[in-house]
Amino acid sequence: METEESRDDAIWHEIHNAYRTRRILTGQLGGIEQTDNGKTITIVDYKGFRIVIPLKEMMINVGRSVVASRKEAMLRKRQTFYLDTDAAGMYRIYEGRIAQARVIAVIFSFNIS
């Protein structure tokens, strides 16, 4: 049985070999970011590995801007995954059902007397 560590090692070996042999790998573009020193980089996901490539090497024309609302996207996702009904007309989330959740922020509040 393959462990997660051995799987990651195999993927890293694949990435390293592609670099040495100049073989092209294909991944999913995850975004464009600005580094602290002002360089623009692209983030590509390759089998779970975060690959950083300078934008100038991607030959991407970023002359257009896209504006989106994270709040609107989260509201739509909430509607789709939690408030809609399934094919049988049942709500997807109901009392007693085990649901996966992700904590995205934690805030601590202290009262100092």
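Anything mentioned here points back to the structure above.
In this text the structure is predicted, and so the values were computed from the model without any measurement.

Colleague: Please explain the packing of aromatic side chains as it appears in this structure.
Modeller: The relative placement of two aromatic rings is captured by the distance of their centres and the angle of their planes. Across all of its chains, the model carries one aromatic pair by this definition. Judged by centre distance (6.1 Å) and plane angle (25 degrees), the ring pair of tryptophan 12 and phenylalanine 49 falls under stacked. With tryptophan 12 in helix α1 (residues 4-21) and phenylalanine 49 in strand β3 (residues 49-54), the pair connects residues that are 37 residues apart, well separated along the chain.

Colleague: In this structure, what is going on with the side chain of threonine 42? I would like to understand it.
Modeller: Assignment of secondary structure puts threonine 42 in strand β2 (residues 40-46). Apart from the residues within four sequence positions on either side, threonine 42 is in contact with Leu29, Gly31, Ile32, Ile51, Val52, Ile53, Leu55, Met58 and Ile60.

Colleague: In this structure, what is going on with the pairing of β3? I would like to understand it.
Modeller: Consecutive side chains along a regular strand alternate between the two faces of the sheet. For β2 and β3, the ladder comprises six bridges, and the chain directions are antiparallel. Paired with tyrosine 46 across the two strands is phenylalanine 49, which belongs to β3. Connecting the antiparallel pair β2 and β3 is a turn made up of two residues, with lysine 47 showing a positive phi of about 50 degrees.

Colleague: Before we go on, may I ask you to explain the sheet that holds β2 in this structure?
Modeller: What holds strands together in a sheet is hydrogen bonding between their backbones, with the strands either parallel or antiparallel. One open sheet holds the three strands; their spatial order is β1-β2-β3, and the pairing between them is antiparallel. Looking at the sheet topology across the chains shown, the edges are occupied by β1 (28-34) and β3. Each strand axis lies, on average, 30 degrees off the axis of its neighbour in the sheet, ignoring direction. Pairing of β1 with β2 involves six bridges; the strand directions are antiparallel. Within β2, the position partnered with glutamine 28 by the bridge is aspartate 45.

Conventions used here
- Residues numbered from 1 in each chain as written.
- Predicted model: local features only at pLDDT ≥ 70, side-chain atom pairs only at ≥ 80, totals over all residues.
- Heavy atoms only, no water.
- Phe/Tyr/Trp six-rings, centres within 6.5 Å; stacked < 30°, edge-to-face > 60°.
- Helix = DSSP H or I, 4+ residues; strand = E, 2+ residues; numbered from the N terminus.
- Contact = heavy atoms within 4.5 Å.
- Pairing = 2+ DSSP bridges.
- Axes fitted to C-alpha atoms, helices over the stretch in contact; angles between N-to-C directions.

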